[in-house]
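For reference, the chains in residue letters:
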Amino acid sequence: MRQSLGPLLRRAMVGVLALGVIGAPARAAAPPSPEAERLAFTERYRAVQHGGIVRAANTAISCRTTATASAGTPSCPAARDGARAANDDFDMFYVDVDSDPNTYNSSRAEVRLPDSARVTYARLYWGGNLRVGEQKPPKDDGRVLIAEPGGEYKEVLADTVVGHRVAQGADAFQASADVTKLVRESRSGLYTVAQVNVAMGRSTAGAWGGWTLVVAYENPSEPLRHLALWDGFDTLGSARELRLSSAAVPKGASGLAGLVAYDGDRGQAGDSFAVATGPKASTPLSDPANPRGDALNSTIAEPGTTSAQRVPSYSNTLGYDSDVFDLGPALRGGGDQLAVRLVSQRDAAWAGALFVAVDAQQ
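Residues numbered from 1 in each chain as written. Predicted model: local features only at pLDDT ≥ 70, side-chain atom pairs only at ≥ 80, totals over all residues. Heavy atoms only, no water.

1. Overview of unusual backbone geometry
Keep in mind that most residues, glycine aside, have a negative phi and that most peptide bonds are trans.
Here's step 1: The linkage connecting V311 with the following residue, P312, adopts the cis geometry, with an omega of -5°.
Here's step 2: Mapped onto the secondary structure, P312 falls in the loop between β19 (310–311) and β20 (320–326).
Here's step 3: The phi dihedral of R187 falls on the positive side, at around 60°, and the residue is not glycine.
Here's step 4: For R187, the position within the fold is in the loop between α2 (180–186) and β12 (189–194).
Here's step 5: The class of R187 is partly exposed, set by a relative accessible area of 25%.
Here's step 6: For L318, which is not a glycine, the phi torsion comes out positive at approximately 60°.
Here's step 7: Under the relative-accessibility criterion, L318 is labelled buried at 1%. (Helix = DSSP H or I, 4+ residues; strand = E, 2+ residues; numbered from the N terminus. Buried < 20%, exposed > 50% of the residue type's maximum accessible area, 1.4 Å probe, protein only.)

2. Digging into the state of the cysteines
Here's step 1: Applying the stated criterion to the full structure yields 1 disulfide.
Here's step 2: Across a sulfur-sulfur distance of 2.0 Å, C63 and C76 are joined as a disulfide pair. Measuring the twist about the S-S bond at about 85°, one finds the C63-C76 disulfide to be right-handed. Pair noted here: C63 is in strand β4 (residues 61–63) and C76 is in helix α1 (residues 76–80), with a separation of 13 residues, a long-range link. Both residues of the pair, C63 and C76, count as buried. (Disulfide = S-S within 2.5 Å.)

3. Some words on the side chain of T103
Here's step 1: Among the secondary structure elements, T103 is positioned in the loop between β5 (92–94) and β6 (106–111).
Here's step 2: What makes T103 buried here is its relative accessible area of 5%.
Here's step 3: There is a polar contact of 2.8 Å between the side chain of T103 and the side chain of D98.
Here's step 4: A distance of 3.2 Å separates a polar side-chain atom of T103 from the backbone oxygen of D100.
Here's step 5: Sequence-distant contacts of T103, that is, excluding residues within four places in its chain, are made with D96, D98, L145, Y153, A194 and Q195. (Polar contact = N/O pair within 3.5 Å; in protein donor to acceptor, adjacent residues only side chain to side chain. Contact = heavy atoms within 4.5 Å.)

4. Quick notes on the sheet that holds strand β22 (residues 349–359)
Within a beta sheet, neighbouring strands are joined by backbone hydrogen bonds and run either parallel or antiparallel to one another.
Here's step 1: Across the sheet, 10 strands lie side by side as β2-β10-β11-β7-β13-β3-β14-β22-β16-β20; this open sheet has mixed pairing. In the strand order of this sheet, the two ends are held by β2 (35–36) and β20, each with one partner.
Here's step 2: Note: strand β14 (residues 224–236) against β22, 10 bridges, orientation antiparallel. Looking across to β22, one finds that D234 is bridged to A351. (Pairing = 2+ DSSP bridges.)

5. So, the confidence of the model for the protein chain
Here's step 1: Looking at the protein chain, the pLDDT average stands at 87 and 90% of residues meet or exceed 70.
Here's step 2: In this model, residues 2–29 is a region of pLDDT below 50 whose contacts with residues beyond four sequence positions or in other chains number 117 contacts. (pLDDT = per-residue confidence, 0-100.)

6. Section: the pairing of strand β10 (residues 162–167)
Here's step 1: Of all 6 residues that make up β10, 5 are buried, and the element is covered over most of its length.
Here's step 2: Pairing between β2 and β10: 2 bridges, direction parallel. Residue pairing across strands places E35 opposite V162, the latter belonging to β10.
Here's step 3: Note that β10 and strand β11 (residues 170–178) share 5 bridges and pair antiparallel. Paired with A167 across the two strands is A170, which belongs to β11.
Here's step 4: Linking β10 back to β11 in an antiparallel pair, the connection comprises 2 residues, with Q168 at a positive phi of about 55°.

7. Observations concerning the pattern of salt bridges
Here's step 1: Tallying each qualifying case throughout the model produces 14 salt bridges.
Here's step 2: With a closest N to O distance of 3.0 Å, R55 and E302 form a salt bridge. Residue R55 is located in strand β3 (residues 39–59), and its partner E302 is located in the loop between β18 (283–284) and β19; the two are separated by 247 residues in the primary sequence. Taken as a pair, R55 and E302 share a single burial class, namely buried. (Salt bridge = Lys/Arg side-chain N within 4 Å of Asp/Glu carboxyl O.)

8. Some details on the environment of G258
Here's step 1: Tracing the sequence through the fold places G258 in strand β16 (residues 255–262).
Here's step 2: According to the relative accessible area criterion, G258 is buried, its value standing at 0%.
Here's step 3: On a C-alpha basis, the gap between G258 and V54 in space is 9.3 Å, while along the polypeptide they are 204 residues apart.
Here's step 4: When residues no more than four places from it in sequence are discounted, the contact partners of G258 are F273, D323, V324, A353, L354 and F355.

In C-alpha cells form, the structure reads like this:
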C-alpha cells in the first residue's frame, strides 16, 4: 500500500510468536489461537556453532492477469517481472500451484542445505492482510498446511500468540511454528505451503501475504558462527534496533542477515536495513535486488549467482519481502557486538522476523 507523507508511526515493533505443532492433515478450521495487537521483537533462537542459516520463502497472492490495472500502471505480467508497481494498483488473487482442490492458495520454495549439514532449528512464518475486497476470518490465522519435498500436506498450528492488528486500513497478522523435526528429516528440496489466511481483491490498503521458512544448521566444515533469530509483529515507523551482545565479531568476518516484512512497495524510498559491530555508525545494506533506501521493495532475494528455486518466482511480489543480505562490507572492522537496525520512514510496512549468521571469534 502506498502511503502519503504525513505523521509517522512511532511505535515499537513487538512480539513473541508461536512454537508450532505438526499434526495429521486436516481441512477443518483450527481453534482460534491467542492473539495480541503488538508483539515485542524477542530472540527466538541463538547458537554459536559451525554452520549457518538458510531460508525458503514465497508469496501467497499476486495480481490477477485478466484484470485492468490503475491508469498509468504496468500490466500485471510486467509488474511480476519487476516493474515498479504496488499491490493497491491491482485486483489481487491467490497464487495456487498445487493440484489439490481443497486448497485455495499454495506456493513452493527450496530449502538448500549443504550435504553434510544437520538441522538444529527450523521455524515457519506466515502472514498477510485479512481485509481487502473480502474479509477473511481471523480464526484461521494460526493454521497453514506444509508439504515437505515429495510429501503430503501436514497441518501446522501456531501454539502461542499470533500478532493481529488493524491499522492503516489493513487487518494484518503474522503467525509462526517450530517445524524443526519435519525439516531435519526431509532436508533439502521444494517445500509447499498452503492456506495462508490472506484476503483477495482490491483496496487502498492492498492485498499482500506470504511465508518464510528459516532453517539453522550445523556443519563441521563451515566456520564457527553466531546464529540468531528474532521475531515480533507491529507496524514499522521509526528505527528499531536489535542487539546480539557478547558476540565478538573478528575483523574481515563474513556473514548474512535476513528479514521478513509485509507491504513494502517497490520504489517508495525511506526503508533501510543496516548493521553495526560497535559504537560506530551502522552500515546500510544493499544489493542489486534491494537498492539502498528501498530495502522493503517486494523482493525475495539472496546473495549469490544462483537463487533458491521458487514456484512461482515473481521478481516483484507486490507486498512481501523475505530478503537475505551479505554482511561483508559491514563487518570489515570487526567489533564486540552486533546490532541490526530496520526502519521504514514512508511505507506503511510491518516487520515480522530478523536473523543473522556471522563469523565468531575463534
